[in-house]
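Spelled out, the chains give:
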Amino acid sequence: MENNFNELEALRQDMALLKNKLDTQEIINEELIHRTVRTSLKGMSRDQLIWIFIALFGIPYCTWVFHGAGFSMAFTIATAIFLAVCAVIMVYNRIKLANLMDVSDKDLLSCAEELQKMKKQDMTRIKYSLSVVAVWLIWFYYEIFRMAQASGNPEYYIGMGIGGLLGGLIGGFFGVRYFIRCQREMQENIDSIEAYKNN
């Protein structure tokens, strides 16, 4: 009987030790998830800052170039407004990312929900953005065609059109690549949080 009691007591101690180790492991896993999500959000926030500066630099630069090249004032102003709207949206996203970093330190489930909303908003926003860019490109080439016909030097405007095409392709490549990477990072964070919470 004494032997069974000692075995039972040893079993209780082993169970308490195992529970303590599991609790420690769970704390470490949660801290790792918090750190991973926060690092990912910081990276996205830093990238947003770079894109904000590019958009803000583009406003005076594009205005100067387009006005100097003879583009219509309406096109030049529309381009500046488009770049300003893009900068405002990116500032808004950066603020949302900063708020998410605060939420990720406290409540991972709320963070996952907010990331899901942000991901869906970005998908909707990209559809509108691509539509606006398509209209802008048509207008851009209409302006070039108009100026080429009116001038005695159409080669200059053909070169401008080719340069615009190359610039658009390069910008589009980096923009789409950034968008896909952000979508992937947000989904990875959501999946990590949900996998942790389901365990």
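Residues numbered from 1 in each chain as written. Predicted model: local features only at pLDDT ≥ 70, side-chain atom pairs only at ≥ 80, totals over all residues. Heavy atoms only, no water.

**Things to note about the nonpolar core**
Here is step 1 of the chain: In this structure, Leu41, Leu115 and Ile193 are the most contacted members of the largest nonpolar core, which totals 18 residues.
Here is step 2 of the chain: Counting residues per element, this core draws most heavily on helix 4 (residues 154-198), at six residues.
Here is step 3 of the chain: Discounting residues that sit within four places of it in the chain, Leu115 has contacts with Leu41, Leu100, Met186, Asn189 and Ile190.
Here is step 4 of the chain: Formed by twelve residues, the second largest nonpolar core is a distinct cluster that contains Cys62, Phe75, Phe140 and Ala148. (Core = buried A, V, L, I, M, F, W, Y, C linked by side-chain atoms within 4.5 Å. Buried < 20%, exposed > 50% of the residue type's maximum accessible area, 1.4 Å probe, protein only. Helix = DSSP H or I, 4+ residues; strand = E, 2+ residues; numbered from the N terminus. Contact = heavy atoms within 4.5 Å.)

**Considering the layout of surface pockets**
Here is step 1 of the chain: Estimates place the volume of the largest pocket at around 1700 Å³.
Here is step 2 of the chain: Around the largest pocket, the lining comprises 50 residues; the ones closest to its centre are Trp51, Phe82, Cys86, Val133 and Gly171.
Here is step 3 of the chain: Mapped by element, the contributors of at least two residues to the lining of the largest pocket are helix 1 (2-69), helix 2 (73-106), helix 3 (108-150) and helix 4.
Here is step 4 of the chain: Top contributing element to the lining of the largest pocket by residue count: helix 4, with 16 residues.
Here is step 5 of the chain: Of the residues that constitute the lining of the largest pocket, the class distribution is 35 nonpolar, 13 polar and two charged. (1 Å grid on protein atoms, 1.4 Å probe; cavity = no way out; pocket = protein on both sides within 12 Å on 5 of 7 lines; lining within 4 Å. Points joined across faces, edges and corners; volume = space filled by probe spheres on them. Nonpolar A, V, L, I, M, F, W, Y, C, P; charged D, E, K, R; others polar.)

**Examining helix 3**
Here is step 1 of the chain: Taking 1.5 Å per residue as the helical rise, helix 3 with its 43 residues ought to reach 63 Å, and the 61 Å between its terminal C-alpha atoms agrees with that figure.
Here is step 2 of the chain: If you check which residues of helix 3 are buried, you get Leu108, Cys111, Ala112, Leu115, Met118, Lys119, Asp122, Phe140, Glu143, Ile144, Met147 and Ala148. (Expected span 1.5 Å × (residues − 1).)

**What to know about the confidence of the model for the protein chain**
Here is step 1 of the chain: Averaged over the protein chain, the pLDDT score is 82; the fraction of residues at 70 or greater is 84%.
Here is step 2 of the chain: For the protein chain, helix 1 is the element with the lowest average pLDDT, namely 75, and helix 3 is the one with the highest, namely 88. (pLDDT = per-residue confidence, 0-100.)

**Here's the deal with the side chain of Gln48**
Here is step 1 of the chain: By the secondary structure assignment, Gln48 is in helix 1.
Here is step 2 of the chain: Contact partners of Gln48, with chain neighbours within four places excluded, come to Met90, Asn93, Arg94, Leu97 and Tyr178.

**Description of the pattern of salt bridges**
Here is step 1 of the chain: Under the defined criterion, the tally for this structure stands at six salt bridges.
Here is step 2 of the chain: In this structure, the salt-bridge partner of Arg181 is Asp47, at a minimum N-O distance of 2.0 Å. Of the two residues, Arg181 is situated in helix 4 and Asp47 in helix 1; the sequence distance between them amounts to 134 residues.
Here is step 3 of the chain: Take Arg181: its relative accessible area is 28%, and that puts it in the partly exposed class.
Here is step 4 of the chain: The class for Asp47 is buried, based on a relative accessible area of 12%.
Here is step 5 of the chain: A salt bridge links Glu143 to Arg146, with the shortest nitrogen-to-oxygen separation between them at 2.7 Å. Here Glu143 pairs with Arg146, and both are found in helix 3, just three residues apart, close to one helical turn.
Here is step 6 of the chain: A relative accessible area of 3% means that Glu143 is categorised as buried.
Here is step 7 of the chain: Each member of the salt-bridge network shares a partner with another, and the members are Asp47, Arg181 and Glu185. (Salt bridge = Lys/Arg side-chain N within 4 Å of Asp/Glu carboxyl O.)

**A look at the packing of helix 3 against helix 4**
Here is step 1 of the chain: For the pair helix 3 and helix 4, interaxial distance at closest approach is 10 Å and the crossing angle is 175 degrees. When the interaxial angle is binned, helix 3 and helix 4 end up roughly antiparallel.
Here is step 2 of the chain: Here the residues of the contact of helix 3 with helix 4 are counted per class, giving 22 nonpolar, six polar and three charged. (Axes fitted to C-alpha atoms, helices over the stretch in contact; angles between N-to-C directions. Parallel < 35°, antiparallel > 145°, perpendicular 65-115°, else oblique.)

**Structural notes on the environment of Glu188**
Here is step 1 of the chain: Within the secondary structure, Glu188 is located in helix 4.
Here is step 2 of the chain: Along the chain, Glu188 and Ser40 lie 148 residues apart, while their C-alpha atoms are 9.6 Å from each other.

**Focus on the packing of aromatic side chains**
Here is step 1 of the chain: With the rule as written, the count across this model stands at 16 aromatic pairs.
Here is step 2 of the chain: Consider the rings of Tyr61 and Trp64, whose centres lie 6.1 Å apart with planes at 50 degrees: the pair is tilted. Taken together, the positions of Tyr61 and Trp64, both in helix 1 and three residues apart, correspond to about one turn of that helix.
Here is step 3 of the chain: Relative to Trp139, the ring of Phe75 has its centre 5.3 Å away and its plane inclined at 80 degrees; by these criteria the two rings are edge-to-face. Placement of Phe75 in helix 2 and of Trp139 in helix 3 is noted, with a sequence separation of 64 residues between them.
Here is step 4 of the chain: Exposure remark for Phe75: the relative accessible area of 0% places this residue in the buried category. (Phe/Tyr/Trp six-rings, centres within 6.5 Å; stacked < 30°, edge-to-face > 60°.)

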